[in-house]
Amino acid sequence: MPPRNTATGHRAGTPKPTVGFESAEEAWFWFIRTEKARAERAKASQPEAVYDRPCLPDDVYSVVSRLHRTGVMFDLHLEVMSEYGYLDRPPDPGDDIEAVDWVLWVDAFDTLEPYLIAKGIVA
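Since the structure is predicted, the reported quantities are computational estimates derived from the model, not experimental observations. (Residues numbered from 1 in each chain as written. Predicted model: local features only at pLDDT ≥ 70, side-chain atom pairs only at ≥ 80, totals over all residues. Heavy atoms only, no water.)

This part covers the environment of Pro17. Checked against the element boundaries, Pro17 lands in the segment before helix H1 (24–40). A residue is classified by how much of its surface remains accessible, and Pro17, at 45% relative accessible area, is partly exposed. In this structure the C-alpha to C-alpha distance between Pro17 and Arg53, which are 36 residues apart in sequence, comes to 8.4 Å. (Helix = DSSP H or I, 4+ residues; strand = E, 2+ residues; numbered from the N terminus. Buried < 20%, exposed > 50% of the residue type's maximum accessible area, 1.4 Å probe, protein only.)

A rise of 1.5 Å per residue sets the reference length of helix H3 (residues 75–87), with its 13 residues, at 18 Å; its end C-alpha atoms lie 18 Å apart and thus fit the reference within 8%. Buried residues of H3: His77, Val80, Met81, Tyr84 and Gly85, and no others. Buried positions in H3, seen along its axis, are confined to an arc of 120° and lie on one side of it. Against the buried residues of H3 lie H1, helix H2 (57–69) and helix H4 (99–118). Looking one or two residues past H3, Asp88 carries a phi angle of roughly 60°, positive in sign. (Expected span 1.5 Å × (residues − 1). Arc of directions from axis to C-beta. Contact = heavy atoms within 4.5 Å.)

Looking at the chain as a whole, the pLDDT averages 85, with 80% of positions reaching at least 70. Note on residues 3–10: pLDDT under 50 across the span, and 15 contacts to partners over four residues away in sequence or across chains. (pLDDT = per-residue confidence, 0-100.)

In this structure, Trp28, Val60, Met81, Leu112 and Leu116 are the most contacted members of the largest nonpolar core, which totals 25 residues. Looking at this core, the elements with two or more residues in it are H1, H2, H3 and H4. Counting residues per element, this core draws most heavily on H1, at seven residues. Not counting residues within four places of it along the chain, the set of residues in contact with Met81 comprises Trp28, Val64, Met73, Trp105, Ala108, Phe109 and Leu112. (Core = buried A, V, L, I, M, F, W, Y, C linked by side-chain atoms within 4.5 Å.)

What follows deals with the packing of H1 against H3. Remark: H1 packs on H3, axes separated minimally by 9 Å, with the N-to-C direction vectors making an angle of 70°. As summarised for this structure, H1 and H3 are arranged roughly perpendicular, according to the angle between their axes. The interaxial crossing formed by H1 with H3 has right-handed handedness. Contact residues: H1 offers Trp28, Phe29, Ile32, Glu35 and Lys36, while H3 offers Met81, Ser82, Tyr84, Gly85 and Tyr86. For the contact of H1 with H3, the per-class residue count stands at six nonpolar, two polar and two charged. (Axes fitted to C-alpha atoms, helices over the stretch in contact; angles between N-to-C directions. Parallel < 35°, antiparallel > 145°, perpendicular 65-115°, else oblique. Left-handed = near helix turned anticlockwise from the far one by under 90°. Nonpolar A, V, L, I, M, F, W, Y, C, P; charged D, E, K, R; others polar.)

Another aspect to go through is the packing of aromatic side chains. Inspection of the entire model under this criterion finds six aromatic pairs. Measuring from ring centre to ring centre gives 5.1 Å for Trp28 and Phe31, while their planes differ by 40°; the resulting arrangement is tilted. Taken together, the residues span about one helical turn, with Trp28 and Phe31 both in helix H1 at a distance of three residues. The class of Phe31 is buried, set by a relative accessible area of 5%. Centre to centre, the rings of Tyr84 and Trp105 are 6.4 Å apart; their planes meet at 80°, and the pair counts as edge-to-face. Note that Tyr84 is positioned in helix H3 and Trp105 in helix H4, a separation of 21 residues in sequence. Taken individually, Tyr84 and Trp105 each receive the classification buried, so the pair is uniform in this respect. What links up through ring pairs into an aromatic cluster is the set Phe29, Tyr84, Trp105 and Phe109. (Phe/Tyr/Trp six-rings, centres within 6.5 Å; stacked < 30°, edge-to-face > 60°.)

Laid out in structure tokens, this is it:
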């Protein structure tokens, strides 16, 4: 019997369950975290995930990029998604400075979510 991975509890060679994202926002934060890890070249030092995702990080980017190229999402959407994605939090609607960003954030994810659902990325 293969040994258990102490970080995940799974046996080597045992397939992990695939867990979809609950929202487009969750998928976006996951994508941004993986991009940060790539930029920091930290992937090798990160523990193995307990479960698989239904896509690659680049799949989330591809959908966003296609929506931007076709004019469904705008530059301002991407700017707000990127800024707060790297901050690892959504804009605060109660903060006067972030209130406009919150409106753009909600609009961006309301636009994105049906496309990620259609791709099977969001459950």
